[in-house]
Amino acid sequence: MDEPFPWRQWMKGALGALHWSPETFWRSTITEYMMAIEGFNEMNGGAKKNDGPSEDDMSALLARYGG
């Protein structure tokens, strides 16, 4: 069975750490979200973990969750 997309976890980062409104979260792209989280982490001393999803990762996400 496929696991559902982790919306709650992503929303916690957007609404909690980034202080985005729900409207901003839902209107953002995955790239915008990842860049915002990366910027937040860099500004707060966090290490960069990766460059975000690759094209293969994005294809897999779209295949799994639609888009």
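Because the structure is predicted, anything quoted here is derived from the model rather than measured. (Residues numbered from 1 in each chain as written. Predicted model: local features only at pLDDT ≥ 70, side-chain atom pairs only at ≥ 80, totals over all residues. Heavy atoms only, no water.)

S.K.: What exactly am I supposed to notice about the nonpolar core here?
M.R.: For soluble globular proteins, nonpolar side chains are generally found buried alongside one another. Within the largest apolar cluster, eight residues are counted, these being Phe5, Trp10, Ala14, Leu18, Trp20, Phe25, Tyr33 and Ile37. Within the residue set of this core, elements represented by two or more residues are α1 (7-17) and α3 (30-43). Leaving out residues up to four positions away in the same chain, Leu18 has contacts with Gly13, Ala36, Ile37 and Phe40. (Core = buried A, V, L, I, M, F, W, Y, C linked by side-chain atoms within 4.5 Å. Buried < 20%, exposed > 50% of the residue type's maximum accessible area, 1.4 Å probe, protein only. Helix = DSSP H or I, 4+ residues; strand = E, 2+ residues; numbered from the N terminus. Contact = heavy atoms within 4.5 Å.)

S.K.: Honestly, the packing of aromatic side chains in this entry has me stumped. Any pointers?
M.R.: How two aromatic rings sit relative to each other is given by the distance of their centres and the angle of their planes. Inspection of every chain in the model, using the stated rule, returns nine aromatic pairs. Between Trp7 and Trp26 the ring centres are 5.2 Å apart and the planes differ by 45°, which places this aromatic pair in the tilted class. Here the residue Trp7 occupies a position in helix α1, and Trp26 occupies one in helix α2 (residues 22-27), the gap between them amounting to 19 residues. Judged by its relative accessible area of 42%, Trp7 falls in the partly exposed class. Summarising the aromatic geometry, the rings of Trp10 and Tyr33 are spaced 4.8 Å apart at their centres and angled 10° between planes, so their arrangement reads as stacked. Of the two residues, Trp10 is situated in helix α1 and Tyr33 in helix α3; the sequence distance between them amounts to 23 residues. (Phe/Tyr/Trp six-rings, centres within 6.5 Å; stacked < 30°, edge-to-face > 60°.)

S.K.: Which parts of the structure should I look at to understand the confidence of the model for the chain?
M.R.: Predicted coordinates in regions of low pLDDT should not be interpreted in detail. The pLDDT averaged across the chain works out to 87; a share of 91% of its residues lies at or above 70. Averaged pLDDT values for the elements of the chain fall to 87 in helix α4 (residues 55-65) and rise to 96 in α2. (pLDDT = per-residue confidence, 0-100.)

S.K.: Explain the environment of Asn41 to me, please; I cannot follow it from the model alone.
M.R.: For Asn41, the position within the fold is in helix α3. Along the sequence, Asn41 and His19 sit 22 residues apart, while their C-alpha atoms lie 14 Å from each other.

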